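# Observations on chain architecture
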Amino acid sequence: MQRTDPRYSHFIQILREELVPAMGCTEPIAIAYGAAKARAVLGKLPDRVQVEASGNIIKNVKSVVVPNTGGLKGIEAAAAAGIVAGQADRILEVISEVSDAQKQAICDYLASCDIRVSPSPNDIVFDIILTLQAGEDTVRLRICDYHTNIVLIEHNGSVLLDNGRISEQAEGLTDRSCLSVEAILDFASTCDLEDVRDLVERQAQYNYAIAQEGLENDWGANIGSVLRDCYGTDIKTRARYMAAAGSDARMSGCEMPVIIVSGSGNQGITASVPVIEYAKHLGVSHETMLRAVLLSDLLTIHMKTGIGRLSAYCGAVSAGCAAGAAVAYLHGGGLREIAHTLVNAVAIVSGMICDGAKPSCAAKIASAVDAGLLGYYMFKSGQQFRGGEGIVTKGVEATIRNIGRLGRLGMHETDREILRIMTNQ
């Protein structure tokens with residue numbers, strides 16, 4: 001793809017919007033970011049805090065450790081961390097620098113402040129409304145549609161910012177309709193790497209580092225090390241256990257940053273770490289490895305766009321299938337191999353539910369990567385799933401559209417039921 005192609009700049013802008021650093025699960029970090037921003041506007045420590053959150057936010061914050069809090073979980077902990085120790089200018093790294101004294105202050109604040117959590121008063125999938133009060137002073141801040149999208153700030157009734165509610169399809173981001181499997185492969189194979197090197201190099205460095213941390217130390221359910229110790233160390237297993245290990249660490253409060261994809265650190269890890277592991281195994285050039293990770297990232301974004309940021313459809317599925325397609329690319333595969341890998345993979349594992357961020361995400365990542373690899377090895381063996389079989393339709397783009405429909409529409413009620421189960425309703 002030439003720089004003169006209008007899609008070229010769009011692809012680069014999409015990558016710059018997506019491949020951003022975050023420390024900790026992005027939903028609690030979004031709450032911490034909003035709380036830190038609201039606290040800065042309030043100008044003092046609030047004595048009352050109200051957090052209104054949509055169901056998917058509640059689901060994804062409930063069971064995950066908030067980094068730099070000494071192991072605390074939940075919406076209250078995320079809000080307190082942002083208020084007490086957050087640096088709003090660091091955005092999704094808002095609580096990346098917290099002293100021991102601040103960690104104790106977060107605990108003390110939780111014990112003394114009235115922090116209340118309730119469902120948001122609408123049906124928006126991604127919605128966070130924070131109200132901070134100190135005496136007669138009040139700040140109200142709203143984040144909507146994606147993690148850093150502050151659409152409203154009010155101070156004592158005066159509107160300081162009002163961007164309106166951005167629709168979920170547009171998401172206030174670069175239009176993703178330019179993405180297709182064919183165009184993504186063209187871009188990843190031919191773009192000037194200097195235009196994206198800083199983004200992809202950082203992703204490879206950060207995400208592989210947290211995978212190594214997850215494998216070497218005791219995090220969560222230790223899915224990565226269980227896979228290694230019980231399944232062996234061949235490349236197919238290594239790709240799975242390294243990705244799982246990164247999630248082991250991240251879901252349990254590891255204070256290391258990751259580069260996210262589609263708003264998710266788990267997806268950022270899944271899209272990159274198995275590809276890096278295969279690139280090392282195959283002995284390809286560093287440039288080829290970067291192009292393969294770039295391919296995996298963009299395929300993940302493309303498949304996730306139709307589903308939406310948050311859903312009952314596990315996001316690791318898209319990233320694991322994309323990683324399998326990138327492995328096909330590392331083996332010299334072109335559009336045909338990549339398209340069939342994707343179709344085979346999503347036919348295997350689509351429908352795996354998202355029941356919030358927690359240690360079992362690592363096991364789901366391992367399953368998603370396994371499906372991606374099986375999708376490739378099926379095609380290599382002359383096997384495939386065909387149009388008309390289940391949700392598979394003739395053509396990779398048509399099948400991807402089916403996945404979007406399944407995740408966004410078909411699993412809408414599933415999402416509500418999962419939340420009712422998780423909150424004992």
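Above this note sits the structure.
As a starting point, this report considers the structure included with it. (Residues numbered from 1 in each chain as written. Predicted model: local features only at pLDDT ≥ 70, side-chain atom pairs only at ≥ 80, totals over all residues. Heavy atoms only, no water.)

So, on to the overall build of the protein. When you go through the protein residue by residue, the secondary structure sums to 16 helices and eight strands. Against the compact-globule benchmark of 22 Å for 425 residues, the protein has a radius of gyration of 21 Å, which places it among compact chains. Here the C-alpha coordinates of the protein stretch approximately 70 × 45 × 45 Å along the principal axes. For the protein, with 425 residues in total, the buried portion stands at 59%. Within the protein, contacts between residues at least 6 apart in sequence are counted, and of these 75% link residues at least 24 apart. With 39 positive and 48 negative side-chain charges, the protein shows a separation of 4 Å between the mean positions of the two kinds. (Helix = DSSP H or I, 4+ residues; strand = E, 2+ residues; numbered from the N terminus. Rg over C-alpha atoms; globule rule 2.2 N^0.38 Å. Buried < 20%, exposed > 50% of the residue type's maximum accessible area, 1.4 Å probe, protein only. Contact = heavy atoms within 4.5 Å. Lys, Arg positive; Asp, Glu negative; His and termini not counted. Charge placed at Lys NZ, Arg CZ, Asp CG, Glu CD.)

Within the secondary structure, threonine 300 is located in helix H11 (residues 286-305). Overall, the relative accessible area of 0% leaves threonine 300 in the buried class. Separated by 15 residues in the primary sequence, threonine 300 and glycine 315 place their C-alpha atoms 8.9 Å from one another. Beyond its immediate sequence surroundings of up to four residues, threonine 300 is in contact with Val261, Ser262, Gln267, Ala271, Ser318, Ala319 and Ala322.

On inspection of all chains with the given rule, the structure shows one cavity of 30 Å³ or more. Space inside the largest cavity adds up to approximately 350 Å³. For the largest cavity, the lining is made up of 31 residues, of which Asn60, Ser264, Gln267, Gly315 and Cys354 are closest to its centre. Put simply, the parts of the chain that give the lining of the largest cavity at least two residues each are helix H2 (26-42), helix H3 (55-61), helix H9 (235-251), helix H10 (265-282), helix H12 (315-330) and helix H14 (361-380). Per-class residue counts for the lining of the largest cavity are 10 nonpolar, 14 polar and seven charged. (1 Å grid on protein atoms, 1.4 Å probe; cavity = no way out; pocket = protein on both sides within 12 Å on 5 of 7 lines; lining within 4 Å. Points joined across faces, edges and corners; volume = space filled by probe spheres on them. Nonpolar A, V, L, I, M, F, W, Y, C, P; charged D, E, K, R; others polar.)

The next thing to look at is the sheet that holds strand E7 (residues 158-162). Strand order in the open sheet made by the six strands is E3-E2-E4-E5-E6-E7, with mixed pairing throughout. Of all strands in the sheet, those with a lone pairing partner are strand E3 (114-119) and E7, marking the two edges. Taking the axes of each pair of neighbouring strands and ignoring which way they run, one obtains an average angle of 10 degrees across the sheet. One ladder, built from four bridges, connects strand E6 (residues 150-155) with E7; its direction is antiparallel. Looking at the pairing, leucine 152 lines up with aspartate 162 of E7. (Pairing = 2+ DSSP bridges. Axes fitted to C-alpha atoms, helices over the stretch in contact; angles between N-to-C directions.)

What follows is about the pattern of salt bridges. Opposite charge on two side chains allows them to pair when their charged atoms are near. Counting across every chain of the model gives 26 salt bridges. Salt-bridge contacts for aspartate 5 lead to arginine 7; the nearest nitrogen and oxygen are separated by 2.8 Å. You can call aspartate 5 buried: its relative accessible area is 19%. Assessed through its relative accessible area of 30%, arginine 7 is described here as partly exposed. (Salt bridge = Lys/Arg side-chain N within 4 Å of Asp/Glu carboxyl O.)

A separate point is the packing of helix H13 (residues 335-349) against helix H15 (residues 396-410). Interaxial distance between H13 and H15 falls to 10 Å at its minimum, and their mutual angle equals 30 degrees. Considered as vectors, H13 and H15 are oriented roughly parallel to each other. Handedness of the crossing formed by H13 with H15: left-handed. Taken together, the residues of H15 that come into contact with H13 (itself represented by Ala339, Leu342, Val343 and Val346) are Val396, Thr399 and Ile403. Class assignment for the residues of the contact of H13 with H15 results in six nonpolar, one polar and no charged. (Parallel < 35°, antiparallel > 145°, perpendicular 65-115°, else oblique. Left-handed = near helix turned anticlockwise from the far one by under 90°.)

Given a rise of 1.5 Å per residue, 20 residues ought to cover 28 Å, and the 29 Å separating the end C-alpha atoms of H14 matches this to within 8%. In terms of burial, H14 is a largely internal element, 15 of the 20 residues being buried. (Expected span 1.5 Å × (residues − 1).)

Before going further, it helps to examine the packing of aromatic side chains. A complete count under the given rule lists three aromatic pairs for this structure. Aromatic side chains tyrosine 8 and phenylalanine 187 sit 5.3 Å apart centroid to centroid with 65 degrees between the ring planes, which places their arrangement in the edge-to-face category. With tyrosine 8 in helix H1 (residues 6-18) and phenylalanine 187 in helix H6 (residues 181-190), the pair connects residues that are 179 residues apart, well separated along the chain. For the pair formed by tyrosine 8 and phenylalanine 187, the shared burial category is buried. On the numbers, 5.1 Å between centres and 50 degrees between planes, the contact of phenylalanine 11 with phenylalanine 187 is tilted. Here phenylalanine 11 is found in helix H1, whereas its partner phenylalanine 187 is found in helix H6, with 176 residues between them in sequence. Accessibility classification places phenylalanine 11 together with phenylalanine 187 in one group, the buried group. (Phe/Tyr/Trp six-rings, centres within 6.5 Å; stacked < 30°, edge-to-face > 60°.)

Attention now moves to the side chain of glutamine 203. Mapping glutamine 203 onto the fold places it in helix H7 (residues 197-216). A residue is classified by how much of its surface remains accessible, and glutamine 203, at 0% relative accessible area, is buried. Not counting residues within four places of it along the chain, the set of residues in contact with glutamine 203 comprises Leu19, Tyr208, Ile259, Val261, Gly268, Ser272, Val293 and Asp297.

Under the defined criterion, the tally for this structure stands at zero disulfides. Of all cysteine sulfurs in the structure, the one in cysteine 107 sits closest to cysteine 113, which takes part in no disulfide; the separation is 14 Å. Assessed through its relative accessible area of 9%, cysteine 113 is described here as buried. We note that cysteine 354 lacks a disulfide partner, and the nearest cysteine sulfur, in cysteine 314, lies 6.2 Å from it. (Disulfide = S-S within 2.5 Å.)

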